[in-house]
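# Structural description and commentary
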Amino acid sequence: TDSMPSQPIDDVTAARDREVFRRRFVGIVAAGAVLRLLYLVVVKSDDLPVGDEIYYSQQAIVIANGDGFTNPFLPGGPAANHAPLTAAVLAPVSWADDRAVFAQRALMTMLGIGVVAGIGLLARQLVDRRSALIATMFAACKYSCSVAWLRQLLARRLDSFTTNPSAQIRLDSM
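Residues numbered from 1 in each chain as written. Predicted model: local features only at pLDDT ≥ 70, side-chain atom pairs only at ≥ 80, totals over all residues. Heavy atoms only, no water.

### Here we look at helix 2 (residues 52-64)
An ideal rise of 1.5 Å per residue puts 18 Å on 13 residues; helix 2 measures up with 18 Å between its terminal C-alpha atoms. Among all positions of helix 2, only Y55, Y56, S57, Q59, A60, I61, V62, I63 and A64 are buried. Buried-residue contacts for helix 2 involve helix 3 (84-90) and helix 4 (100-126). Positive phi appears at G66, one or two residues downstream of helix 2, with a value of about 90 degrees. (Helix = DSSP H or I, 4+ residues; strand = E, 2+ residues; numbered from the N terminus. Expected span 1.5 Å × (residues − 1). Buried < 20%, exposed > 50% of the residue type's maximum accessible area, 1.4 Å probe, protein only. Contact = heavy atoms within 4.5 Å.)

See below:
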């Protein structure tokens, strides 16, 4: 006699599709995490803050020191020219005086990885699996795959070749 599958074909196919989606989704999020962490460690680890990053970093340090939302550049003055959430989120990791900026960037990197996953999950709920994977890929690569990042990374590598005599010898012998 013919043996009947324990589940209808549609249920088996749906379960397989869910598993394929999960694996692809996790892979994309993991790749995005690796790119973001590489960016943090390779490109941004020794950079000084620029732009709004200066304000948020200093404001977080002021909050961590117990001075609340006071202007980090005018002691005692109110700090109302930037939204407070970013500085408040950064405050708990801003106690490390010598590496506060790196700790702040690391926290924002972790939050960014969570946002990549969140965008994919939201797209899955609102649209479908394929759209969710596409949205997750775009979110994973938004900053990690940017031309500016690649240009900056290449410039750093080229700088190390021009300042390292042994690297110059290798380049000259090519």
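Continuing now.
### Thoughts on the side chain of N71
Secondary-structure assignment places N71 in the loop between helix 2 and helix 3. There is a polar contact of 3.3 Å between the side chain of N71 and the backbone nitrogen of L74. Not counting residues within four places of it along the chain, the set of residues in contact with N71 comprises Q59, G77, P78 and A79. (Polar contact = N/O pair within 3.5 Å; in protein donor to acceptor, adjacent residues only side chain to side chain.)

### A short note on the packing of helix 4 against helix 5 (residues 129-141)
At a minimum axis separation of 8 Å, helix 4 and helix 5 run at an interaxial angle of 160 degrees. Taken together, the axes of helix 4 and helix 5 are roughly antiparallel relative to one another. Handedness of the crossing formed by helix 4 with helix 5: right-handed. Counted together, V116, I119, G120, A123 and R124 of helix 4 and R129, S131, A132, A135, T136, A139 and A140 of helix 5 form the full contact between these two elements. Its residues assigned to classes, the contact of helix 4 with helix 5 shows 7 nonpolar, 3 polar and 2 charged. (Axes fitted to C-alpha atoms, helices over the stretch in contact; angles between N-to-C directions. Parallel < 35°, antiparallel > 145°, perpendicular 65-115°, else oblique. Left-handed = near helix turned anticlockwise from the far one by under 90°. Nonpolar A, V, L, I, M, F, W, Y, C, P; charged D, E, K, R; others polar.)

### With respect to a nonpolar patch on the surface
Together, L85, V89, M108 and L111 make up a nonpolar patch on the protein surface, roughly 340 Å² of accessible area in all. Going through the elements one at a time, helix 3 and helix 4 are the ones with two or more residues in the nonpolar patch. Looking at the element boundaries, L85 is found in helix 3. In this structure L85 comes out as exposed when scored by relative accessible area, which is 62%. (Patch = residues over 30% accessible without salt bridge, like charges linked within 9 Å, V, L, I, M, F, W, Y side chains within 5 Å. Areas by Shrake-Rupley, 256 points an atom, 1.4 Å probe, with all protein chains shown as cover. Salt bridge = Lys/Arg side-chain N within 4 Å of Asp/Glu carboxyl O.)

### What about the pattern of salt bridges?
One pass over the full model with this rule turns up 4 salt bridges. With a shortest N-O distance of 2.9 Å, E19 and R23 are connected by a salt bridge. Here R23 and E19 lie together in helix 1 (residues 9-43), a separation of 4 residues that amounts to about one turn. Two residues, E53 and R105, come together in a salt bridge whose shortest N-O distance is 2.6 Å. Taken together, the residues span a long stretch of sequence, with E53 in helix 2 and R105 in helix 4 at a distance of 52 residues. By relative accessible area, E53 is classed as partly exposed at 25%. Several salt bridges share partner residues, and in doing so they unite E19, R22 and R23 into one network.

### Observations concerning the environment of L133
Relative to the helices and strands, L133 is located in helix 5. L133 sits 12 residues away from L121 along the chain, and the two C-alpha atoms are 9.0 Å apart. In this structure, L133 is in contact with F21, R24, F25 and I28, ignoring residues within four places of it in sequence.

### Concerning the packing of helix 2 against helix 4
Contact geometry for helix 2 and helix 4: axes closest at 11 Å, N-to-C directions at 105 degrees. For the element pair helix 2 / helix 4, the angle class is roughly perpendicular. For the pair helix 2 and helix 4, the contacting residues are E53, S57, A60 and I61 in the first and A100, V101, Q104 and R105 in the second. Looking at the contact of helix 2 with helix 4 residue by residue, the class counts come to 4 nonpolar, 2 polar and 2 charged.

### Quick look at the side chain of S94
Structurally, S94 can be placed in the loop between helix 3 and helix 4. Within polar-contact distance, the side chain of S94 engages the backbone oxygen of L90 at 2.7 Å. A distance of 2.8 Å separates polar atoms of two side chains, one belonging to S94 and the other to Q104. Setting aside chain neighbours within four positions, we find S94 in contact with A60, I61, A64, A100 and Q104.

Shape is all these values report; function is a separate question.
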